[in-house]
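# Structural characterization, general
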Amino acid sequence: MSVLVRGSELVGLPVVDLAGDDLAEVRDVLFDPGAGLVLGFTLNKRGFLSGRLKQVLAREAVLAVGPAAIMVADPAALDHELAPSGSGGDVLGDRVLTDAGVDIGTVTDVVVDTADGRVVGYEIAPVGESTGRKGRRSYIPLPDAGTASGETLIVPAAAVDYISADLAGFGEAVDRFRDLLRGDGT
Amino acid sequence: MRLADIHKHPVVDLSSATTVTHLADVAIDATTRQVLGFTLRKAVDGHDWLAWADVHALGTDAATVSDSQAFTAMPDGALLLKGSGALGRRVLSAEGVDVGNLADVDVEPETGAVITLVLADGTTVPAEDLLGVGSYATVIRTPVVPPA
């Protein structure tokens, strides 16, 4: 089942094993912008005002990311080592620049395909718009190979043609954009 | 036989033909998908547990036992459907989708085997799709499609 969600929507979801016990809840999403992948999740203990758990949940140990819970096989899932990542995780607030040199906006969230943990796009606050919470948001697709990230995030210029105004139609835009890149032999 | 109303069942001792107690709650094993036994509303000679193996028959109106030797102590780790809060609580698919609340459990009265789980909207889930009954949720294998 492939469903696109914003990374921020995963925060607070319970981590539940197949025996039906809740083991933790998502504190934050660990993201590798270079590979375009969710690496895993940092965790909080369950319950109101509970503290941080030392353990992390690696993406490989996740059975499914659903709208109601993140499913794992058993409590041992929290003992996996996190795959080492070259690039650090936080892209929020980073500028998005096309390879043609056009500034598109700043990242306000990442869009995750729950089926495989790939980051398929960024939610951005477009240039010239208010960056406040009420500002209009757009969604820009990413190539499936990931993107270069340093001081800015670089996307192909063609991605601009596939910017969506809402998340509902964004999955299709990602597919069409990636088909285009493959058609160009890139 | 549905288990949500099991607490209405009297327990009749066949040797004396008297109602000795009533069933209170039912324990199931999520792994074997089998009824383990019942807790009793009123203890009999200090025993508050009726194991499935000691039930003579589970009928539509009463459970019967051969004699008062049938009552024992509840084994450790038995999961009570009501006592654990599983009845009425959320059911998650293995894909992390909330598919509704658990309304009832249907068992085969001859063998004690769980046949189906019944969700609040009337959807039934076959017992072989039951993965676990835990402190947070009951987990099933497939995302179920509600009845049209």
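Residues numbered from 1 in each chain as written. Chains lettered and ligands numbered in written order. Predicted model: local features only at pLDDT ≥ 70, side-chain atom pairs only at ≥ 80, totals over all residues.

The next thing to look at is the sheet that holds strand S13 (residues 130–133) of chain B. Residues and elements named next belong to chain B. Strand order across the open sheet formed by 6 strands is S12-S11-S10-S9-S14-S13, with mixed pairing between neighbours. The outermost strands of the open sheet, each flanked by one partner alone, are strand S12 (124–126) and S13. Taking each pair of neighbouring strands and ignoring which way they run, the sheet shows an average axis angle of 35 degrees. Both S13 and strand S14 (residues 138–140) contribute to a ladder of 3 bridges, which runs antiparallel. Considered in S14, the bridge of leucine 130 is made with isoleucine 140. (Pairing = 2+ DSSP bridges. Helix = DSSP H or I, 4+ residues; strand = E, 2+ residues; numbered from the N terminus. Axes fitted to C-alpha atoms, helices over the stretch in contact; angles between N-to-C directions.)

Attention shifts here to unusual backbone geometry. Residues and elements named next belong to chain B. Of note in the backbone geometry, arginine 33 takes a positive phi value of approximately 55 degrees without being a glycine. Structurally, the position occupied by arginine 33 is in the loop between strand S2 (18–29) and strand S3 (34–44). Here the phi dihedral of aspartate 45 falls at roughly 50 degrees; this positive angle occurs in a residue that is not glycine. On the secondary structure map, aspartate 45 appears in the loop between S3 and strand S4 (47–51). Given 9 C-beta atoms within 10 Å, aspartate 45 falls into the exposed group. (Buried ≥ 20, exposed ≤ 12 C-beta atoms within 10 Å, placed from the backbone.)

Note that predicted coordinates carrying low pLDDT should not be read in detail. Averaged over every residue, the pLDDT of chain A is 84; the share at 70 or more is 87%. Considering each helix and strand of chain A separately, the mean pLDDT is smallest for strand S12 (residues 152–155) of chain A, with a value of 86, and largest for strand S2 (residues 14–17) of chain A, with 96. (pLDDT = per-residue confidence, 0-100.)

Moving on: the nonpolar core. Core analysis: the biggest nonpolar cluster contains 91 residues, and Val15(A), Leu57(A), Ile28(B) and Leu50(B) have the highest contact counts within it. Non-local contacts of Ile28(B), meaning those with residues more than four positions away in its chain, are made with Gln34(B), Val35(B), Leu36(B), Leu79(B), Leu81(B), Val105(B) and Val114(B). (Core = buried A, V, L, I, M, F, W, Y, C linked by C-beta atoms within 7 Å. Contact = placed C-beta atoms within 7 Å.)

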